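Structural overview for review
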Amino acid sequence: MVILFNRMAVRIDLITLFPAMANGFLQESVIGRAIETGLIQFKAHNLRDWSKDKHHKVDDVPYGGGPGMLMTCQPLFDAVDGLATPGAEVIYLCPDGEQLTNDLARELAKKPHLILVSGHYEGIDQRFRDARVTREISVGDYVLTNGTLPACIVVDCVGRQIPGVLGEENSLTGDSYNGKLLAFPQYTRPAVYDGLEVPPVLLGGHHAEIEKWRRAKQIEKTKQRRPDLLEDK
Ligand code: 4H7
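Numbers given for residues are sequential positions, taken from 1 along each chain in its written order. Only residues with pLDDT of at least 70 get local features here, since the model is predicted, and only at 80 or more are side-chain atom pairs given and counted; chain-wide, interface and lining totals rely on the full set of residues. Just so you know, side-chain values use all the structure's heavy atoms and leave hydrogens and water out.

1. Things to note about the site of the ligand
Here, proximity means that at least one heavy atom of the residue falls within 4 Å of the molecule or strand. Around the ligand, the surrounding shell holds 18 residues, and the nearest of these are Tyr92, Tyr121, Val139, Gly140 and Leu144. Two N or O atoms form a polar contact when they lie within 3.5 Å of each other; inside protein one atom must be a possible hydrogen donor and the other a possible acceptor, and for residues adjacent in sequence the pair counts only when both atoms belong to side chains. Contact between the ligand and Ser138: a nitrogen atom at 3.3 Å from a side-chain N or O atom of the residue. Leu144 is positioned such that a nitrogen or oxygen atom in its backbone is 2.9 Å from a nitrogen atom of the ligand. Per-residue and other accessible areas were derived by the Shrake-Rupley procedure at a 1.4 Å probe size, with only the shown protein chains allowed to occlude residues. For the ligand, whose free accessible area comes to 530 Å², the fraction covered by protein is 86%. Counting residues per element, the shell around the ligand draws most heavily on strand S5 (residues 89-99), at four residues. We call Asp, Glu, Lys and Arg charged. Ala, Val, Leu, Ile, Met, Phe, Trp, Tyr, Cys and Pro are nonpolar, and the rest, Gly among them, are polar. Residues that form the shell around the ligand fall into these classes: ten nonpolar, seven polar and one charged. What counts as a helix is a DSSP run of H or I of at least four residues, what counts as a strand is a run of E of at least two, and both are numbered from the N terminus.

Set out below in structure tokens:
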């Protein structure tokens, strides 16, 4: 095993106000196993641990007014400067970032060190974004109360691209989007459940016919749901 996946483990640090949320999510499933075996070197850190304020404060009111609070510079700069290694990519999860895709996840899986920064309140001081953040990523066009779930989504999506993380039963080859088509419908035993039948072509064992059927279903579904994927770019 060790010889097969002979590469440096990817190190991922997460800076958040809710480390328990990330640990709960990432301890489960195949990513949890990869962290346990050291294929992914993951640690969630509490931003408050870097606050020099006597009450461990990490937020303040925005200059110019407006609703809500912003995360202040000091804990963020100290956290990142304390954790960073020379090749580290510092990623801020925010609704206005570049959209996460499998292609982006594959690119990030090649980096030696990712530092994920989860925002809370109304966001963070722009000076930290300008001075330390190397990449801003969004997990989709919707708003969440904080960036910790988006950060977990990045760890999951990047983690499964790291050689050795997925077992055979969870291979990358069937991914939708890889071939720019949505997935075909799948069925398992029994052949009839409560009167509901499996398409007969799948029961015949005729592999060329099965391939043809699956491809047709993929195209049909992609036309219906994601016609944008069929436009050549
Ligand atoms: C940065 C700036 C990511 C992070 C603002 C984060 C969605 C995504 C956050 C905010 C996120 C995504 C704070 C703006 C809460 C809205 C009510 C945290 N939401 N928020 N405000 N799509 N929220 O990746």
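Picking up where we left off.
2. Points about the sheet that holds strand S1 (residues 10-16)
Note on pairing: two strands pair once DSSP finds at least 2 bridges between them. Read from one edge of the open sheet, five strands run S2-S1-S6-S5-S7, paired in parallel fashion. Looking at strand neighbours, the two that pair on one side only are strand S2 (40-46) and strand S7 (135-138), the edges of this open sheet. Neighbour-to-neighbour, the strand axes of the sheet open up by a mean angle of 30°, direction not taken into account. When S1 meets strand S6 (residues 113-118), the two strands line up parallel, connected through five bridges. Bridge assignment links Asp13 to a residue of S6, and that residue is Ile115. Lines fitted to the C-alpha atoms define the axes, with helices restricted to the stretch that makes contact. Angles between their N-to-C directions range from 0 to 180 degrees.

3. Regarding helix H7 (residues 207-225)
In this analysis, the expected span of each helix is defined as 1.5 Å times one less than the number of residues it contains. In this model, H7 (19 residues) spans 27 Å end to end at C-alpha, consistent with the 27 Å of a helix rising 1.5 Å per residue. To sort residues, take the accessible area from a 1.4 Å probe on protein chains only and compare it with the maximum for the residue type: under 20% means buried, over 50% means exposed, and anything in between is partly exposed. Of the residues making up H7, those classed as buried are Ile210, Trp213, Gln218 and Thr222. End-on view of H7: buried residues confined to an arc of 160°, all on one side of the axis. Opposite the packed face of H7, turned more than 90 degrees from it, sit the exposed residues Ala208, Lys212, Lys223 and Gln224. As used here, the arc is the angular range of directions from the helix axis to the C-beta atoms.

4. A closer look at the side chain of His45
Turning to its location among the elements, His45 is positioned in strand S2. You can call His45 buried: its relative accessible area is 12%. A polar atom in the side chain of His45 sits 2.7 Å from the side chain of Asp13. Excluding residues that lie within four positions of it along the chain, His45 makes contacts with Asp13, Leu14, Ile15, Thr16, Pro19, Trp50 and Leu83. In what follows, residue pairs with any heavy atoms lying within 4.5 Å of each other are defined as contacts.

5. Quick look at a nonpolar patch on the surface
Like charges are joined within 9 Å and nonpolar side chains (Val, Leu, Ile, Met, Phe, Trp, Tyr) within 5 Å, but only among residues with over 30% relative accessible area and no salt bridge; these make up the patches. Salt bridge, as applied in this entry: a Lys or Arg side-chain nitrogen positioned within 4 Å of an Asp or Glu carboxyl oxygen. Taken together, the side chains of Met21, Phe25, Tyr142, Leu144, Leu149 and Ile153 make up a nonpolar region of the molecular surface, amounting to roughly 510 Å² of accessible area. Looking at the nonpolar patch, the elements with two or more residues in it are helix H1 (19-26) and helix H6 (148-159). The residue Phe25 is located in helix H1 in this model. On the accessibility criterion, Phe25 (37% relative accessible area) is partly exposed.

6. A few points about the pairing of S5
Pairing between S5 and S6: five bridges, direction parallel. In the sheet register, Tyr92 faces S6, and the bridge partner there is Val117. Taken together, S5, helix H4 (residues 102-109) and S6 form a β-α-β motif whose crossover is right-handed. By the bridge criterion, five bridges tie S5 to S7 in an arrangement that is parallel. Viewed with both strands pointing away, a crossover whose connecting path from the first strand over the helix to the second turns clockwise is right-handed.

7. Some words on the packing of aromatic side chains
Two rings from Phe, Tyr or Trp (for Trp, the six-membered ring) form a pair when their centres are within 6.5 Å of each other. A pair whose planes differ by under 30 degrees is stacked, one over 60 is edge-to-face, and the rest are tilted. Summed over all chains, the structure comprises one aromatic pair. Aromatic pair Phe77 and Phe128: ring centres 5.5 Å apart, planes at 80°, arrangement edge-to-face. Pair noted here: Phe77 is in helix H3 (residues 73-83) and Phe128 is in helix H5 (residues 126-131), with a separation of 51 residues, a long-range link. Summarising the burial analysis for this pair, Phe77 and Phe128 share the class buried.

8. Looking at the nonpolar core
In this structure, Ile12, Ile40, Phe42, Leu116 and Ile137 are the most contacted members of the largest nonpolar core, which totals 29 residues. Elements with a minimum of two residues in this core: S1, H1, helix H2 (29-37), S2, S5, H4, S6 and H6. The element that contributes the greatest number of residues to this core is H6, accounting for six residues. Setting aside residues no more than four positions away along its own chain, Leu116 makes contact with Ile12, Asp13, Leu14, Ile15, Ile91, Leu93, Ala151, Val154 and Val155. To form a nonpolar core, buried Ala, Val, Leu, Ile, Met, Phe, Trp, Tyr and Cys residues must be joined to one another through side-chain atoms within 4.5 Å.

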